[in-house]
Amino acid sequence: MSDGEAPKKGSPRLHNLADFSWDDISVFLALVRHRSLSSAARELAVNHSTIGRRIRALESALETKLFERTRLGFLLTDDGDRLLSEAEGIEAHVSNISAQFRGETARITGTVRVATMEALGSLFLAPRFSQLYKRHPSVRVELVTASHWINLSKREADVLISFPKPRGQRLATEKIGEFALFLYASEDYLAEHGTPQSMDDLNKHVFIDYIDELVVIPAVRWLSDVIRVPDTAFRSTSLVAHYHAATAGIGIAMLPTFVAQVDPRLRRILPNQVIVKRDFWLSVHHDIEHIARVRQVVRFLKDLISDNAACLNGEKPWTS
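Residues numbered from 1 in each chain as written. Predicted model: local features only at pLDDT ≥ 70, side-chain atom pairs only at ≥ 80, totals over all residues. Heavy atoms only, no water.

So, on to the overall build of the protein chain. Each helix and strand counted, the protein chain has ten helices and eleven strands in total. Partitioning the contacts of the protein chain with sequence separation of at least 6, the portion at a separation of at least 24 is 74%. If you sum the accessible surface of the protein chain, you get close to 16,700 Å²; carbon and sulfur atoms cover 48% of it. (Helix = DSSP H or I, 4+ residues; strand = E, 2+ residues; numbered from the N terminus. Contact = heavy atoms within 4.5 Å. Areas by Shrake-Rupley, 256 points an atom, 1.4 Å probe, with all protein chains shown as cover.)

The next subject is the pattern of salt bridges. Scanning the model with the defined rule gives 13 salt bridges in all. Between Arg54 and Asp24 there is a salt bridge, with its nearest N and O atoms 2.8 Å apart. Of this pair, Arg54 sits in helix α3 (residues 48–62) while Asp24 is found in helix α1 (residues 23–34), placing the two residues 30 residues apart along the sequence. Residues Arg235 and Asp209 are paired through a salt bridge, measuring 3.9 Å at the closest nitrogen-oxygen approach. A residue pair is termed long-range when its members are at least 10 positions apart, and Arg235 in strand β8 (residues 231–235) and Asp209 in strand β7 (residues 206–209) qualify at 26 residues. Residue Arg235 is classed as partly exposed on the basis of its relative accessible area of 40%. (Salt bridge = Lys/Arg side-chain N within 4 Å of Asp/Glu carboxyl O. Buried < 20%, exposed > 50% of the residue type's maximum accessible area, 1.4 Å probe, protein only.)

Bringing the environment of Ala241 into the picture now. You can see Ala241 is positioned in helix α7 (residues 239–247). Ala241 sits in the partly exposed class, given a relative accessible area of 22%. Spatially, the C-alpha atom of Ala241 lies 9.8 Å from that of Tyr210, the residues being 31 residues apart in sequence. Once residues within four sequence positions are removed from consideration, Ala241 is found in contact with Phe234 and Ser236.

So, on to the packing of helix α2 (residues 37–44) against α3. Interaxial distance between α2 and α3 falls to 8 Å at its minimum, and their mutual angle equals 100°. Judged by the inter-axis angle, α2 sits roughly perpendicular to α3. Side by side, α2 and α3 meet where Leu37, Ser38, Ala40, Ala41 and Leu44 of the first sit next to His48, Ile51 and Gly52 of the second. Considered class by class, the residues forming the contact of α2 with α3 number five nonpolar, three polar and no charged. (Axes fitted to C-alpha atoms, helices over the stretch in contact; angles between N-to-C directions. Parallel < 35°, antiparallel > 145°, perpendicular 65-115°, else oblique. Nonpolar A, V, L, I, M, F, W, Y, C, P; charged D, E, K, R; others polar.)

Another point: the pairing of strand β9 (residues 252–256). The buried fraction of β9 amounts to five of the five residues, a majority that puts the element mostly inside the structure. On β9, burial covers both faces: Ile252, Met254 and Pro256 on one face and Ala253 and Leu255 on the other are all buried. Bridge count for strand β6 (residues 171–186) against β9 is four bridges, and the pairing is antiparallel. In the sheet register, Leu181 faces β9, and the bridge partner there is Pro256. Inspection of the sheet shows β7 paired to β9 by two bridges, in the parallel sense. Note on β9: the bridge partner recorded for Ile208 is Ala253. (Pairing = 2+ DSSP bridges.)

Positive phi is not limited to glycine here, since Arg35 has a value of about 65°. When you line up the elements, Arg35 lands in the loop between α1 and α2. We note that Leu270 has phi near 45°; this positive angle belongs to a residue other than glycine. Among the structural elements, Leu270 can be located in the loop between β10 (266–269) and β11 (276–285).

Direction vectors running N to C along helix α5 (residues 118–135) and helix α9 (residues 292–307) enclose 125°, while the axes themselves pass 11 Å from each other. One way to sum up the angle between α5 and α9 is to call them oblique. Regarding α5 and α9, the two cross each other, and that crossing is right-handed. Contacts between α5 and α9 involve Phe124, Leu125, Arg128, Phe129, Gln131, Leu132 and Arg135 from the former and Gln296, Val297, Phe300, Leu301, Leu304 and Ile305 from the latter. The class makeup of the residues in the contact of α5 with α9 is nine nonpolar, two polar and two charged. (Left-handed = near helix turned anticlockwise from the far one by under 90°.)

Structure, rendered in structure tokens:
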């Protein structure tokens, strides 16, 4: 901004740099990510009243309101969102300085929120995050599982693994792999109803599926890729529920290999005739993709999908 030029309307203003504490940037970022004073305080090892006081001081220095307090916690105002972009830039810059002078093996700390679908998060990612913790014991993961779209642009998560490619502003998105789904049924179900030997035989069986009118992400309608109007014995919004219903012998379910193949109670049906595939898309917001802890989690997730590609595609059995 040139001398005498007025600040843009609606933007945070700073008249006196001496009134601005750069330490408050870390407090601001903690409150953005945790949305509550107590959680932010725990991360920074201070009292929750200190968080509130420093946020008020920051708002006073910038002469703007940064947060709205709602039933969902502290949410950013428009000015707060503008400051977030700058604050994360500062954080990334400091992180890069540390990496340059201390090397990539320097201690990486902080929390990264990873969002994905329920089954992938709970049954595949969660137990494998122990590998990440061994490499970076000071990194903490918050896993968000949901059947709806997670909005990275609104900072509902730092990293997203989704089946369809997400849309959003300022997202770095790439396909990192794919996974296969097959029809599975329990030994008890097959003993009672017989094993399908052809596609036509599927019309004689009952299935487990999603509740159609409650499907938010159309990509999960994978059973319709195989049979258009199945005789459905059980419906649920949860793929984990589909899995448990299948093991109980209620019907045939379309399941990813990382869910069903590790359970000896389930058998793959028509493995050479019925196979459905979906892509893995990894997304991270441009403003935080260079932060060391985010970069390490992204690298871990990409390596994890790549290393297990054969199993995820059903070309190789899972060993655990």
